[in-house]
Amino acid sequence: MASATTKTPVENGSAAPGAGRRGLTLAVLCAGMFLVLLDVTIVNVALPGIGAALGTGLPGLQGVVDGYAVAIAGLLLGGGALGDRIGHRRMALAGLGLFGAASLGCGLAPGPEALIAARVAQGAGAALLLPGSLAVITAIYPGRAEQARALGVWAGVSSTALPAGPLLGGVLVDSAGWRWIFLLNVPIVALAVAGVLAFVHEPARSGASGTTAARAGGAAGRPPLDRAGMALAPLALGSLVWTVIAAGHGQRGTAVAAGAAAAVAAVALVAAERRAAAPLLPGAVLRAPAFLGANGVALIMNLVTNGTLFVLTLQLQQVEHRSALAAGALLLPMAVPLALVAPVSGRLAARFGTSAPIGAGVVVAGAGAFGLLAVGPDGSYAALLPVMVGIGVGDGLIVSAVVAAAMRSAPPGRAGLAGGFNNTARQVGTALGVAVYGAIAGPASPAARTPAFHSGVHALAWVSAGLWAAALALTAGKWLGRFPAVR
């Protein structure tokens, strides 16, 4: 096993970059992750303005959020596998380019359908970028302790998108209009591309030896890509999420059709994976309890967090009639603890192993979920604080440790797949969270719907508590000793 001082070859065949270049590489990759997550959170406070400008209701607004998350979730595994084959640096550059072009399309969208389509394209770009960032980080920081600390920095920096998103979104929506939350991405993407070109080197891929193999993308001697899996996985995941959204809004015909498509795609995916020479989902991965447990916790974390964020945004803006900027500022008790605690989680994982911070975070977030029982029409902000602080501190403790657990328990040479699988789990959680929580709570306006909305929010307290209990079972049950220590 590699020690903390082990060096990893890079594209030009030399040793891994020194501390200075490694730090710059980490900074650039953190910036890319920040940009991707910013577009998950920045859009929430813009939803009322988007709905009013484009004439769409709650299902359309869920589509704006979930079109992005579904595309990421469905395409991440393919992006990770493709990056393992042709290089994660190349995939990061392609992802940034697509993300920037799609952001321009979002900012210029004339209607809800065009906006949702552009959001899907944004998600596709993010899916190319995300798994590569984790793969490069784990390659340039091979030692267990230094890798856990690097992932803690990665999680902490990327987690600042949560507080930055609502605040920046509020400023832009109130001053320049909702379109600028997307148009602002274009110059940032240009800077990120320059950073990748300047500082990020391609790590050597397993099975590629020497400069020639690395430059060739490691294709020689490798089995063919699992193209069927790469096509069927996004279809199955996307259809599943749209089934939940349609069913939640009483659209039975659409729900049945989407559910049938999800079932057919899932069956076809299983059959294709059994025949594939190099399946997208290797059996070794699906039989690894630590890997599946870590990703199960990650899915639940994002499901509860983003579902709750979606509902609280409706409460603040549509029930309490606060401005986008005020709503963004009032969401900081959820966001700031996450950003501050995430790097601490990385250090705790490096010292004590991953299960301790994961378990502690799940307990804290689960306790805070009961604060939803106090949310009501009187607009008492104090009722929201336990929910937001519980999620902020809990997620902060979980996020770095659960990523480290997933990456360390993956099969050798499949860092891209592991990164893709972990991010897929989290984005499936995001998409399902918005779909499920939005369906249970229902519309928050007009005023006549507010009592039903709050009844749904109270039900979500128990839903959230149950989900966190499931995450605790994954952590404290037979999986406890299997989450790998990173000492």
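As the structure is a prediction and not an experimental result, all values here were calculated from the model.

Caption draft 1: View of the overall build of the protein. Counting its secondary structure elements, the protein contains 20 helices and 0 strands. Split into buried and exposed, the 487 residues of the protein put 58% on the buried side. Here the analysis covers contacts within the protein between residues at least 6 apart in sequence; of these, 83% occur between residues at least 24 apart. In the form shown here, the protein has an accessible surface area of approximately 17,000 Å², with 69% of it arising from carbon and sulfur atoms.

Caption draft 2: Summary view of helix 5 (residues 112-140). Compared with the 42 Å implied by 1.5 Å per residue over 29 residues, the 42 Å span of helix 5 between its first and last C-alpha is a close match. Most of helix 5 is tucked away, with 22 of its 29 residues classed as buried.

Caption draft 3: View of helix 20 (residues 450-476). Compared with the 39 Å implied by 1.5 Å per residue over 27 residues, the 39 Å span of helix 20 between its first and last C-alpha is a close match. For helix 20, the full list of buried residues reads Thr 450, Phe 453, His 454, Gly 456, Val 457, Leu 460, Ala 461, Ser 464, Ala 465, Trp 468, Ala 471 and Thr 475.

Caption draft 4: Broad picture of the confidence of the model for the protein. Counting all residues, the mean pLDDT for the protein is 80, and 85% of those residues have values of 70 or more. Between residues 207-220, whose pLDDT stays under 50, and residues either more than four places distant or in other chains, the model counts 18 contacts. For the stretch residues 478-487, pLDDT sits under 50, and the model shows 40 contacts to residues farther than four places along the chain or on other chains.

Caption draft 5: Expanded view of the packing of helix 4 (residues 88-107) against helix 9 (residues 185-199). At their nearest, the axes of helix 4 and helix 9 sit 9 Å apart, and the two run at 170° to each other. Overall, the two elements helix 4 and helix 9 adopt an arrangement that is roughly antiparallel. Contact residues: Arg 89, Leu 93, Leu 96, Phe 99, Gly 100, Ser 103 and Leu 104 in helix 4; Asn 185, Val 186, Val 189, Ala 192, Val 193, Val 196 and Leu 197 in helix 9. Here the contact of helix 4 with helix 9 is built from residues that sort into 10 nonpolar, 3 polar and 1 charged.

Caption draft 6: Local environment of a nonpolar patch on the surface. Taken together, the side chains of Leu 104, Leu 108 and Val 186 present a nonpolar region at the surface, about 250 Å² in accessible area. Tracing the sequence through the fold places Val 186 in helix 9. On the accessibility criterion, Val 186 (33% relative accessible area) is partly exposed.

Caption draft 7: Structural detail: the nonpolar core. Among the nonpolar cores identified, the biggest contains 125 residues, and Leu 115, Trp 154 and Trp 468 are the most heavily contacted of them. Ranked by the residues each element gives to this core, the list is headed by helix 14 (residues 289-319), at 15 residues. The contacts of Trp 154, once residues within four sequence positions are left out, are Leu 26, Cys 30, Met 33, Ser 133, Leu 134, Ile 137, Val 403 and Arg 426.

Caption draft 8: Summary view of the packing of aromatic side chains. A full pass over the atoms with the stated rule returns 3 aromatic pairs. Their ring planes at 85° and their centres at 6.3 Å tell us that Trp 178 and Phe 182 sit as a pair that is edge-to-face. Exposure remark for Trp 178: the relative accessible area of 8% places this residue in the buried category.

Caption draft 9: Examining the pattern of salt bridges more closely. In this structure the tally under the stated criterion is 2 salt bridges. With a shortest N-O distance of 3.5 Å, Asp 39 and Arg 119 are connected by a salt bridge. Taken together, the residues span a long stretch of sequence, with Asp 39 in helix 1 (residues 19-41) and Arg 119 in helix 5 at a distance of 80 residues. Between Arg 322 and Glu 320 there is a salt bridge whose closest N-O contact spans 2.7 Å.

Caption draft 10: Region of the structure containing the packing of helix 14 against helix 18 (residues 385-408). Between helix 14 and helix 18, the least distance of the axes is 10 Å, while the angle of their chain directions is 150°. Taken as axis vectors, helix 14 and helix 18 run roughly antiparallel relative to one another. Here the hand of the crossing between helix 14 and helix 18 comes out left-handed. Of the residues in helix 18, those in contact with Phe 291, Ala 294, Asn 295, Val 297, Ala 298, Met 301, Thr 305, Thr 308 and Leu 312 of helix 14 are Val 387, Met 388, Ile 391, Asp 395, Ile 398, Val 399, Val 402, Ala 405 and Ala 406. For the contact of helix 14 with helix 18, a count of residues per class yields 14 nonpolar, 3 polar and 1 charged.

Caption draft 11: Fine view of the environment of Ile 72. Its location among the elements puts Ile 72 in helix 3 (residues 58-86). Along the chain, Ile 72 and Gly 238 lie 166 residues apart, while their C-alpha atoms are 9.7 Å from each other. Setting aside residues up to four positions removed in sequence, Ile 72 forms contacts with Val 36, Gly 123, Ala 126, Ala 127, Leu 130 and Gln 427.

Caption draft 12: Molecular detail of the side chain of Ser 239. Position of Ser 239 among the secondary structure elements: in helix 11 (residues 227-248). A distance of 2.7 Å separates a polar side-chain atom of Ser 239 from the backbone oxygen of Leu 235. When residues no more than four places from it in sequence are discounted, the contact partners of Ser 239 are Ala 258, Ala 261 and Ala 262.

Caption draft 13: Quick look at the environment of Trp 468. Its place among the elements puts Trp 468 in helix 20. Exposure remark for Trp 468: the relative accessible area of 2% places this residue in the buried category. Setting aside residues no more than four positions away along its own chain, Trp 468 makes contact with Ile 300, Met 301, Val 304, Val 362, Ala 365, Gly 366, Ala 369, Asp 395 and Ile 398.

Caption draft 14: Structural detail: unusual backbone geometry. The backbone of His 321 sits at a positive phi, close to 60°, despite the residue not being glycine. Within the secondary structure, His 321 is located in the loop between helix 14 and helix 15 (324-330). When its relative accessible area of 65% is taken as the criterion, His 321 is described as exposed.

Caption draft 15: Focus on the environment of Val 362. Topologically, Val 362 is positioned in helix 17 (residues 355-369). Taking the C-alpha atoms as reference, Val 362 lies 7.9 Å from Ala 469; in sequence the two are 107 residues apart. Excluding its chain neighbours within four sequence positions, the residues that come into contact with Val 362 are Ile 398, Trp 468, Ala 471 and Leu 472.

Rules and cut-offs
- Residues numbered from 1 in each chain as written.
- Predicted model: local features only at pLDDT ≥ 70, side-chain atom pairs only at ≥ 80, totals over all residues.
- Heavy atoms only, no water.
- Helix = DSSP H or I, 4+ residues; strand = E, 2+ residues; numbered from the N terminus.
- Buried < 20%, exposed > 50% of the residue type's maximum accessible area, 1.4 Å probe, protein only.
- Contact = heavy atoms within 4.5 Å.
- Areas by Shrake-Rupley, 256 points an atom, 1.4 Å probe, with all protein chains shown as cover.
- Expected span 1.5 Å × (residues − 1).
- pLDDT = per-residue confidence, 0-100.
- Axes fitted to C-alpha atoms, helices over the stretch in contact; angles between N-to-C directions.
- Parallel < 35°, antiparallel > 145°, perpendicular 65-115°, else oblique.
- Nonpolar A, V, L, I, M, F, W, Y, C, P; charged D, E, K, R; others polar.
- Patch = residues over 30% accessible without salt bridge, like charges linked within 9 Å, V, L, I, M, F, W, Y side chains within 5 Å.
- Salt bridge = Lys/Arg side-chain N within 4 Å of Asp/Glu carboxyl O.
- Core = buried A, V, L, I, M, F, W, Y, C linked by side-chain atoms within 4.5 Å.
- Phe/Tyr/Trp six-rings, centres within 6.5 Å; stacked < 30°, edge-to-face > 60°.
- Left-handed = near helix turned anticlockwise from the far one by under 90°.
- Polar contact = N/O pair within 3.5 Å; in protein donor to acceptor, adjacent residues only side chain to side chain.

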